[in-house]
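Topology and contacts: notes
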Amino acid sequence: GQQVMQIPQYQHVQEGEDFTTYCNSSTTLSNIQWYKQRPGGHPVFLIQLVKSGEVKKQKRLTFQFGEAKKNSSLHITATQTTDVGTYFCAGYTNAGGTSYGKLTFGQGTILTVHP
Amino acid sequence: KAGVTQTPRYLIKTRGQQVTLSCSPISGHRSVSWYQQTPGQGLQFLFEYFSETQRNKGNFPGRFSGRQFSNSRSEMNVSTLELGDSALYLCASSPLGRKSAANTEAFFGQGTRLTVV
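Nothing here was measured: the structure is a model prediction, and the numbers come from that model. (Residues numbered from 1 in each chain as written. Chains lettered and ligands numbered in written order. Predicted model: local features only at pLDDT ≥ 70, side-chain atom pairs only at ≥ 80, totals over all residues. Heavy atoms only, no water.)

**With respect to the overall build of chain B**
Using the following cut-off: We count a stretch as a helix when DSSP gives it H or I for four or more residues in a row; a strand needs E for two or more, and each element gets its number in order from the N terminus. Between the two quantities, the radius of gyration covers C-alpha atoms and the globule rule is 2.2 Å times the number of residues to the power 0.38. Working definition: with a 1.4 Å probe on protein chains only, accessible area under 20% of the residue-type maximum means buried, over 50% means exposed, and in between means partly exposed. The contact criterion used is simple: two residues touch if any of their non-hydrogen atoms lie within 4.5 Å. For accessible areas, the Shrake-Rupley method is used with a probe of radius 1.4 Å. Any residue's cover is judged against the shown protein chains and nothing else.
Regarding its fold elements, chain B presents zero helices and 11 strands. In chain B, the succession of helices and strands from N to C terminus is β-β-β-β-β-β-β-β-β-β-β. In terms of C-alpha radius of gyration, chain B reaches 13 Å, essentially the compact-globule figure of 13 Å for 117 residues. When its C-alpha atoms are laid out on the principal axes, chain B stretches across 40 × 30 × 25 Å. Put simply, chain B has 117 residues, and 51% of those count as buried. Considering only residue pairs separated by 6 or more positions, chain B has 55% of its internal contacts joining residues 24 or more positions apart. Total accessible area on chain B stands at roughly 5500 Å², and carbon and sulfur atoms take up 47% of it.

Right under this line is the structure:
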(Lines give C-alpha, C1' and ligand atoms only; values in the text may rest on other atoms or scores of the structure.)
Protein backbone atom coordinates (compact mmCIF):
# COMPACT_ATOMS: atom_id res chain seq x y z
CA GLY A 1 0.00 0.00 0.00
CA GLN A 2 0.92 3.62 -0.10
CA GLN A 3 3.64 4.75 2.26
CA VAL A 4 4.74 8.21 3.23
CA MET A 5 8.19 8.54 4.76
CA GLN A 6 9.20 11.63 6.66
CA ILE A 7 12.63 12.69 7.86
CA PRO A 8 14.15 13.55 10.18
CA GLN A 9 12.31 11.96 13.07
CA TYR A 10 13.69 14.51 15.53
CA GLN A 11 15.22 17.95 15.13
CA HIS A 12 16.67 20.07 17.89
CA VAL A 13 17.50 23.65 16.99
CA GLN A 14 18.50 26.84 18.73
CA GLU A 15 15.98 29.61 18.49
CA GLY A 16 16.69 31.58 15.34
CA GLU A 17 18.02 28.62 13.36
CA ASP A 18 16.22 27.26 10.33
CA PHE A 19 14.41 23.93 10.19
CA THR A 20 13.40 21.65 7.33
CA THR A 21 11.42 18.42 7.24
CA TYR A 22 11.10 16.22 4.18
CA CYS A 23 8.38 13.93 3.02
CA ASN A 24 8.53 11.16 0.40
CA SER A 25 5.65 9.11 -0.94
CA SER A 26 5.92 5.69 -2.55
CA THR A 27 3.19 6.70 -5.00
CA THR A 28 2.16 9.84 -6.84
CA LEU A 29 -0.08 12.00 -4.69
CA SER A 30 -3.21 13.89 -5.63
CA ASN A 31 -2.26 16.47 -3.04
CA ILE A 32 -0.29 16.78 0.15
CA GLN A 33 -1.25 18.45 3.38
CA TRP A 34 0.82 19.57 6.35
CA TYR A 35 -0.31 19.48 9.95
CA LYS A 36 1.19 20.65 13.22
CA GLN A 37 0.54 18.93 16.52
CA ARG A 38 1.56 20.69 19.69
CA PRO A 39 2.56 18.52 22.67
CA GLY A 40 -0.62 17.11 24.18
CA GLY A 41 -2.69 18.51 21.35
CA HIS A 42 -4.28 17.36 18.14
CA PRO A 43 -3.17 17.83 14.53
CA VAL A 44 -4.00 21.24 13.13
CA PHE A 45 -4.07 21.88 9.40
CA LEU A 46 -1.38 24.19 8.07
CA ILE A 47 -1.63 24.04 4.31
CA GLN A 48 -2.45 21.97 1.24
CA LEU A 49 -0.43 21.70 -1.95
CA VAL A 50 -2.04 20.42 -5.10
CA LYS A 51 -0.03 21.38 -8.16
CA SER A 52 3.24 19.90 -9.32
CA GLY A 53 6.14 22.13 -8.26
CA GLU A 54 3.89 24.31 -6.11
CA VAL A 55 5.48 26.56 -3.49
CA LYS A 56 3.46 28.30 -0.80
CA LYS A 57 4.54 30.58 1.99
CA GLN A 58 2.99 31.40 5.32
CA LYS A 59 5.10 34.02 7.10
CA ARG A 60 8.25 32.11 8.11
CA LEU A 61 7.00 28.77 6.71
CA THR A 62 7.67 27.67 3.14
CA PHE A 63 6.05 24.58 1.69
CA GLN A 64 7.06 22.85 -1.53
CA PHE A 65 5.51 20.08 -3.59
CA GLY A 66 7.83 18.17 -5.90
CA GLU A 67 7.53 18.13 -9.66
CA ALA A 68 6.63 14.45 -9.64
CA LYS A 69 4.11 14.99 -6.82
CA LYS A 70 5.87 12.36 -4.73
CA ASN A 71 7.79 14.55 -2.31
CA SER A 72 7.32 17.67 -0.28
CA SER A 73 9.14 19.80 2.23
CA LEU A 74 8.41 22.29 4.97
CA HIS A 75 11.02 24.91 5.81
CA ILE A 76 10.81 27.22 8.79
CA THR A 77 13.07 30.26 8.79
CA ALA A 78 14.37 31.63 12.08
CA THR A 79 12.57 29.26 14.41
CA GLN A 80 10.82 30.51 17.50
CA THR A 81 9.84 28.67 20.68
CA THR A 82 6.23 28.77 19.49
CA ASP A 83 7.23 26.50 16.59
CA VAL A 84 7.72 23.56 18.96
CA GLY A 85 5.65 20.53 18.04
CA THR A 86 5.39 17.64 15.63
CA TYR A 87 5.01 18.40 11.95
CA PHE A 88 3.25 15.85 9.81
CA CYS A 89 2.85 15.58 6.11
CA ALA A 90 -0.20 13.71 4.90
CA GLY A 91 -1.00 12.65 1.39
CA TYR A 92 -4.10 11.76 -0.57
CA THR A 93 -3.90 9.30 -3.39
CA ASN A 94 -6.96 9.23 -5.58
CA ALA A 95 -6.60 5.58 -6.47
CA GLY A 96 -9.66 4.92 -8.55
CA GLY A 97 -11.72 7.23 -6.40
CA THR A 98 -11.37 5.03 -3.36
CA SER A 99 -9.44 7.42 -1.18
CA TYR A 100 -12.41 9.00 0.53
CA GLY A 101 -11.30 10.71 3.68
CA LYS A 102 -8.08 8.74 3.90
CA LEU A 103 -4.95 10.68 4.66
CA THR A 104 -1.72 8.71 4.74
CA PHE A 105 0.47 10.38 7.32
CA GLY A 106 4.22 10.50 7.53
CA GLN A 107 5.73 9.57 10.89
CA GLY A 108 6.22 13.22 11.73
CA THR A 109 9.19 15.32 12.72
CA ILE A 110 9.39 16.36 16.35
CA LEU A 111 10.84 19.86 16.54
CA THR A 112 12.41 21.14 19.73
CA VAL A 113 13.52 24.77 19.89
CA HIS A 114 16.00 25.79 22.57
CA PRO A 115 15.75 29.45 23.62
CA LYS B 1 -18.55 27.34 14.56
CA ALA B 2 -17.90 24.76 17.21
CA GLY B 3 -15.02 22.42 16.48
CA VAL B 4 -14.96 18.64 16.39
CA THR B 5 -15.96 17.23 19.76
CA GLN B 6 -14.84 13.85 21.00
CA THR B 7 -16.02 12.13 24.13
CA PRO B 8 -14.78 10.91 26.45
CA ARG B 9 -11.35 12.53 26.56
CA TYR B 10 -9.81 9.77 28.65
CA LEU B 11 -10.73 6.16 29.17
CA ILE B 12 -9.20 3.25 31.05
CA LYS B 13 -10.42 -0.22 30.16
CA THR B 14 -9.44 -3.76 30.98
CA ARG B 15 -8.25 -6.30 28.43
CA GLY B 16 -11.17 -8.13 26.90
CA GLN B 17 -13.67 -5.34 27.43
CA GLN B 18 -15.21 -3.28 24.68
CA VAL B 19 -15.33 0.47 24.28
CA THR B 20 -17.35 3.03 22.33
CA LEU B 21 -15.96 6.42 21.42
CA SER B 22 -18.03 9.31 20.16
CA CYS B 23 -17.37 12.12 17.70
CA SER B 24 -19.49 15.13 16.80
CA PRO B 25 -18.24 16.76 13.60
CA ILE B 26 -18.32 20.42 12.68
CA SER B 27 -21.81 21.48 11.72
CA GLY B 28 -22.35 20.89 8.02
CA HIS B 29 -19.53 18.40 7.64
CA ARG B 30 -20.78 15.02 6.50
CA SER B 31 -17.47 13.19 6.24
CA VAL B 32 -15.99 11.76 9.42
CA SER B 33 -12.72 9.85 9.56
CA TRP B 34 -11.11 8.04 12.46
CA TYR B 35 -7.40 7.65 13.13
CA GLN B 36 -5.36 5.79 15.69
CA GLN B 37 -2.21 7.53 16.94
CA THR B 38 0.53 5.65 18.75
CA PRO B 39 4.18 6.56 19.33
CA GLY B 40 5.36 3.56 17.33
CA GLN B 41 2.98 3.58 14.37
CA GLY B 42 2.09 7.25 14.13
CA LEU B 43 -1.29 8.24 12.73
CA GLN B 44 -3.09 5.38 11.02
CA PHE B 45 -6.39 5.57 9.19
CA LEU B 46 -9.20 3.45 10.59
CA PHE B 47 -12.25 4.31 8.47
CA GLU B 48 -14.30 7.08 6.91
CA TYR B 49 -18.04 7.62 6.92
CA PHE B 50 -20.24 9.80 4.78
CA SER B 51 -24.01 9.99 5.07
CA GLU B 52 -24.11 6.95 7.32
CA THR B 53 -22.10 4.83 4.87
CA GLN B 54 -18.57 3.57 5.37
CA ARG B 55 -16.70 4.59 2.24
CA ASN B 56 -13.19 3.62 3.16
CA LYS B 57 -11.47 1.35 5.63
CA GLY B 58 -7.90 0.97 6.83
CA ASN B 59 -6.00 -2.18 7.71
CA PHE B 60 -7.36 -2.87 11.15
CA PRO B 61 -8.92 -6.09 12.45
CA GLY B 62 -12.65 -6.56 12.55
CA ARG B 63 -12.66 -5.73 16.26
CA PHE B 64 -12.62 -2.10 15.15
CA SER B 65 -15.94 -0.93 13.82
CA GLY B 66 -17.80 2.29 13.44
CA ARG B 67 -21.02 3.88 12.40
CA GLN B 68 -22.45 7.25 11.53
CA PHE B 69 -25.83 8.63 12.39
CA SER B 70 -28.16 10.77 10.31
CA ASN B 71 -26.92 13.91 12.09
CA SER B 72 -23.34 12.99 11.01
CA ARG B 73 -22.25 12.14 14.53
CA SER B 74 -20.06 9.07 14.54
CA GLU B 75 -19.07 6.35 16.95
CA MET B 76 -16.31 3.83 16.84
CA ASN B 77 -16.30 0.61 18.77
CA VAL B 78 -13.44 -1.64 19.74
CA SER B 79 -14.36 -5.07 21.04
CA THR B 80 -12.21 -7.53 22.96
CA LEU B 81 -9.65 -4.89 23.84
CA GLU B 82 -5.97 -5.76 23.72
CA LEU B 83 -3.08 -3.98 25.40
CA GLY B 84 -1.89 -2.85 21.98
CA ASP B 85 -5.12 -0.90 21.45
CA SER B 86 -3.88 1.73 23.91
CA ALA B 87 -3.65 4.87 21.82
CA LEU B 88 -5.00 8.30 21.09
CA TYR B 89 -8.07 7.93 18.88
CA LEU B 90 -8.65 10.97 16.71
CA CYS B 91 -11.74 11.86 14.79
CA ALA B 92 -11.59 14.28 11.89
CA SER B 93 -14.40 15.89 9.98
CA SER B 94 -14.19 17.54 6.59
CA PRO B 95 -16.50 19.12 4.06
CA LEU B 96 -15.85 16.29 1.59
CA GLY B 97 -18.76 15.82 -0.74
CA ARG B 98 -20.40 12.68 -2.01
CA LYS B 99 -18.18 12.52 -5.07
CA SER B 100 -15.02 14.26 -3.96
CA ALA B 101 -12.24 11.99 -2.84
CA ALA B 102 -9.70 14.44 -1.56
CA ASN B 103 -8.52 18.03 -1.48
CA THR B 104 -10.08 19.37 1.67
CA GLU B 105 -8.49 19.87 5.03
CA ALA B 106 -9.35 17.63 7.93
CA PHE B 107 -10.45 19.20 11.20
CA PHE B 108 -9.35 17.04 14.10
CA GLY B 109 -10.94 16.72 17.51
CA GLN B 110 -8.94 16.64 20.73
CA GLY B 111 -8.99 12.86 20.70
CA THR B 112 -9.85 10.15 23.19
CA ARG B 113 -6.89 8.74 25.09
CA LEU B 114 -7.62 5.03 25.60
CA THR B 115 -5.54 3.02 28.02
CA VAL B 116 -6.01 -0.74 28.16
CA VAL B 117 -4.72 -2.43 31.30
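Let us keep going from here.
**Points about unusual backbone geometry**
Along the chain, A:Ile7 connects to A:Pro8 via a cis peptide bond; the corresponding omega equals -5 degrees. Looking along the chain, the bond that leaves B:Thr7 and enters B:Pro8 is cis, with omega of -10 degrees. Among the structural elements, B:Pro8 can be located in the loop between strand 1 (5-7) and strand 2 (10-13). Phi angles above zero are rare outside glycine, and A:Lys59 is one such case at about 50 degrees. Within the fold, A:Lys59 resides in the loop between strand 6 (55-58) and strand 7 (61-65).

**Considering the pairing of strand 9 (residues 85-92) of chain A**
Residue and element names in this part refer to chain A. Spelled out, the test is: A pair of strands is treated as paired once DSSP finds two or more bridges between them.
Here strand 9 lies mainly inside the structure; eight of its eight residues are buried. Bridge count for strand 4 (residues 31-37) against strand 9 is seven bridges, and the pairing is antiparallel. Its bridge partner being in strand 9, Lys 36 is matched across the sheet by Tyr 87. With three bridges joining them, strand 9 and strand 11 (residues 109-114) adopt antiparallel strand pairing. Looking at strand 11, one finds that Gly 85 is bridged to Leu 111. Summarising the sheet, strand 9 and strand 10 (residues 104-105) pair through two bridges and their orientation is antiparallel. Its bridge partner lying in strand 10, Ala 90 is registered against Phe 105.

**Overview of the sheet that holds strand 1 of chain B**
Residue and element names in this part refer to chain B. Put simply, the rule reads: Note on definitions: angles span 0 to 180 degrees between N-to-C directions of axes, and those axes are lines fitted to C-alpha atoms, for helices only across the stretch in contact.
Pairing is antiparallel in the open sheet, where four strands are placed in the order 1-3-8-7. Each edge of the sheet is formed by a strand with only one pairing partner; in this case those strands are strand 1 and strand 7 (64-68). Here the average twist between neighbouring strands, direction ignored, is 20 degrees. Bridge count for strand 7 against strand 8 (residues 74-78) is five bridges, and the pairing is antiparallel. Note that in strand 8 the partner of Gln 68 across the bridge is Ser 74.

**Focus on the sheet that holds strand 1 (residues 4-7) of chain A**
Two pairing modes exist for strands in a sheet, parallel and antiparallel, and in both the strands are linked by backbone hydrogen bonds. All names here are of chain A. A sheet is described by the order of its strands in space; here five strands give the open sequence 1-3-8-7-6, paired in antiparallel fashion. At either margin of the open sheet sits one strand with a lone partner, and together these are strand 1 and strand 6. Neighbour to neighbour, the strand axes of the sheet diverge by 15 degrees on average, direction disregarded. With four bridges connecting them, strand 1 and strand 3 (residues 19-25) associate as antiparallel partners. Paired with Ile 7 across the bridge in strand 3 is Tyr 22.

**Quick look at the state of the cysteines**
Put simply, the test is: In plain terms, two cysteine sulfur atoms within 2.5 Å form what is called a disulfide here.
Applying the stated criterion across every chain, the model contains two disulfides over all chains. Through a disulfide, A:Cys23 is tied to A:Cys89; the S-S separation comes to 1.7 Å. On the sign convention where negative means left-handed, the S-S torsion of about 65 degrees between A:Cys23 and A:Cys89 marks this disulfide as right-handed. Linking A:Cys23 in strand 3 with A:Cys89 in strand 9, this pair joins segments that are 66 residues apart in sequence. The exposure class of A:Cys23 is buried, given its relative accessible area of 3%. Under the relative-accessibility criterion, A:Cys89 is labelled buried at 0%. Through a disulfide, B:Cys23 is tied to B:Cys91; the S-S separation comes to 1.7 Å.

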